[in-house]
Amino acid sequence: MKTIIEPFKIKSVEPIYFNTKEERAEILENASHNPFLIRSADVLIDLLTDSGTSAMSSEQWAGIMKGDESYAGSPSFFHFEKTVKEITGMPIVMPTHQGRAAEKILFNILGGKGKYFVSNTLFDTTRANIEFSGAEGVDLLCEEGKRTTIPSPFKGNMDTVALKQFILEKGASNIPLCLITVTNNSGGGQPVSMQNIREVKKICVENNIPLFIDACRFAENCYFIKMREKEFANTTVENIAKELFSYADGCTMSAKKDAFANIGGFLAMHNEALAQQCRNLLIITEGFPTYGGLAGRDLEAIAIGLKEVMDEHYLQYRIRSIEYLTNKLIAAGVPVIQPAGGHAVYIDAKEFLDHIPVEQYPGQALVCALYLEGGIRSVEIGSLMFGKYDSNGKLIPAQMELVRLAIPRRVYTQSHIDYVAEVIIEVFENRKKINGLLITEEAKMLRHFTAKLAPINN
Ligand code: F0G
């Protein structure tokens, strides 16, 4: 087979500003060892997130010009609504300014003290919105998903035995919703199988629990289903997506991922009574139901992006580019989550920096080292993001200490990716020189965004 090429030509480019390692050391110091606090102009390759960072197509930019900015009943809304309905089969569609706004509305209504929301793995903002309502978020990820370096085709699956057990323990009436995240971002961008969704749906139906999908990366997930679940080898991604959504009572989506949009999201569902409550909140927090938190031009870009993302040449290139970087790292002995996920490469920082205890945040130490060495910005998904304290103020670490290198869609070429691999491998070879970090300042919620840290000099 020949090289899988980027399925696009480049019409408009943005410069990358180069800096030296000495300059980066100073920048890192000024940002208190938290790359969220670094200016993007000081970053060479920005792999902080694949969210809102996609390159839009010429069709999407044309859609931006066509966007109609009427307050009510804009044709751009109807284009958006029709597209979402077509893919999800859900009759009620509410635009929001991004994914977490849809979550905020949903969990505000369904949440509250004594309630539990079960999931394969909740994303951080999703968990935060659940906890903010007073409810508890519970991750019931399958066993394979917890073993980072053992390959398995659907490591994003929900543990259905644990789900049944949990329902028995807590009572179905205390579980307002089950949410499956596709692909499982916090668990390595790993896909969920259609088989697993069917099984979860069956359990939900038996217990009268609505099933929702966190659909941020639905197309990437559906491509994995096509590649790895025999039954779907000859089904189009669009039809796989339709079947996947057919099992759901509703979904939340950040259009900043698999809709190639720079901003946007939505909440969609079947239940009119729930929708009525959501709409009331939508109006006071986001806007009138035909624009939500978005401009008409954004609605156009999303409608076009949602269709483009299901193009199988694109998905083949997308999934292959993540696998390409993953394989290069594996060949050099770098511990990464295997197999490759859909949108990012995840390094196992606990193993990479096995001389740094979890209390010294090995993930964040690695994030800083990658920036220092090569100007690459990544993000820690470990105890800085998910750690809690016990009553004695001792850290309760996260399940895993990961570093995510998220690849923006259609933005970087193969030589950018080769450079990223070279930097990581160089850092790996010199890993014993890296020191742990100490938190000097932190917020109560979502502390990783703003925390300040300092290196521990051994
Ligand atoms: N759900 C998942 C699985 C996500 O990955 C995200 C965002 C959200 C919900 C929230 O969407 O950002 O539009 O409010 N993930 C980004 C990331 C931020 O970097 O993974 P949002």
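Model, not experiment: these values are computed from the prediction.

Draft legend 1. Spatial organisation of the sheet that holds strand S14 (residues 402-406). If you walk across this open sheet you meet the three strands as S9-S14-S11, and the pairing is antiparallel. Lying at the two open borders of the sheet, with one neighbouring strand each, are strand S9 (344-348) and strand S11 (379-381). Here the average twist between neighbouring strands, direction ignored, is 30 degrees. Strand direction decides the pairing type here: S11 and S14, joined by three bridges, are antiparallel. In the sheet register, glutamate 380 faces S14, and the bridge partner there is valine 403.

Draft legend 2. Representation of the domain arrangement of the chain within the structure. By domain assignment, the chain separates into domain 1 (21-50 + 311-455) and domain 2 (58-308). Taking the mean C-alpha position of each, domain 1 and domain 2 sit 26 Å from one another. With 33 residues of domain 1 at the interface, the matching set in domain 2 holds 36 residues. Here domain 1 and domain 2 share an interface that buries about 2900 Å² over both sides, 58% of which is from carbon and sulfur atoms. Interface area lost by domain 1 to domain 2 is led by Glu312, Leu315 and Arg409, which between them contribute 18%. Applying the counting rule to domain 1 against domain 2 returns seven salt bridges. Of the charged contacts, one joins lysine 226 and glutamate 312 as a salt bridge, the two residues approaching to 3.1 Å between their closest N and O atoms. Where domain 1 packs against domain 2, one counts 18 residue pairs in polar contact (both at pLDDT 80 or more). Elements with a minimum of two residues in the side of domain 1 that touches domain 2: helix H13 (312-331), S9, helix H16 (383-386) and S14. Counting residues per element, the side of domain 1 that touches domain 2 draws most heavily on H13, at six residues. Within the side of domain 1 that touches domain 2, the residues separate by chemical class into 16 nonpolar, seven polar and 10 charged.

Draft legend 3. Representation of a negative patch on the surface in the model. Taken together, the side chains of Glu22, Glu23, Glu26 and Glu29 make up a negatively charged region of the molecular surface. Residue position: glutamate 29 is located in helix H1 (residues 21-30).

Draft legend 4. Summary view of the side chain of histidine 343. By secondary structure assignment, the location of histidine 343 is in the loop between H13 and S9. Assessed through its relative accessible area of 0%, histidine 343 is described here as buried. Only 3.2 Å separates the side chain of histidine 343 from the side chain of tyrosine 346, close enough to count as a polar contact.

Draft legend 5. The site of the ligand, seen in detail. Among the 17 residues in the neighbourhood of the ligand, the closest are listed as Thr49, Arg100, Asp214, Ser254 and Lys257. Here glutamine 98 contributes a side-chain N or O atom positioned 2.9 Å from an oxygen atom of the ligand. At a separation of 2.9 Å, an oxygen atom of the ligand approaches a polar side-chain atom of arginine 217. Here the ligand, which alone exposes 470 Å², has 94% of that area covered by the protein. Here the element with the most residues in the shell around the ligand is helix H4 (residues 99-110); it accounts for three residues. Residue composition of the shell around the ligand, by class: two nonpolar, eight polar and seven charged.

About the cut-offs
- Residues numbered from 1 in each chain as written.
- Predicted model: local features only at pLDDT ≥ 70, side-chain atom pairs only at ≥ 80, totals over all residues.
- Heavy atoms only, no water.
- Pairing = 2+ DSSP bridges.
- Helix = DSSP H or I, 4+ residues; strand = E, 2+ residues; numbered from the N terminus.
- Axes fitted to C-alpha atoms, helices over the stretch in contact; angles between N-to-C directions.
- Domains from an automatic or database assignment.
- Contact = heavy atoms within 4.5 Å.
- Buried area = accessible area lost by both parts, 1.4 Å probe.
- Salt bridge = Lys/Arg side-chain N within 4 Å of Asp/Glu carboxyl O.
- Polar contact = N/O pair within 3.5 Å; in protein donor to acceptor, adjacent residues only side chain to side chain.
- Nonpolar A, V, L, I, M, F, W, Y, C, P; charged D, E, K, R; others polar.
- Patch = residues over 30% accessible without salt bridge, like charges linked within 9 Å, V, L, I, M, F, W, Y side chains within 5 Å.
- Areas by Shrake-Rupley, 256 points an atom, 1.4 Å probe, with all protein chains shown as cover.
- Lys, Arg positive; Asp, Glu negative; His and termini not counted.
- Charge placed at Lys NZ, Arg CZ, Asp CG, Glu CD.
- Buried < 20%, exposed > 50% of the residue type's maximum accessible area, 1.4 Å probe, protein only.
- Near = heavy atom within 4 Å.

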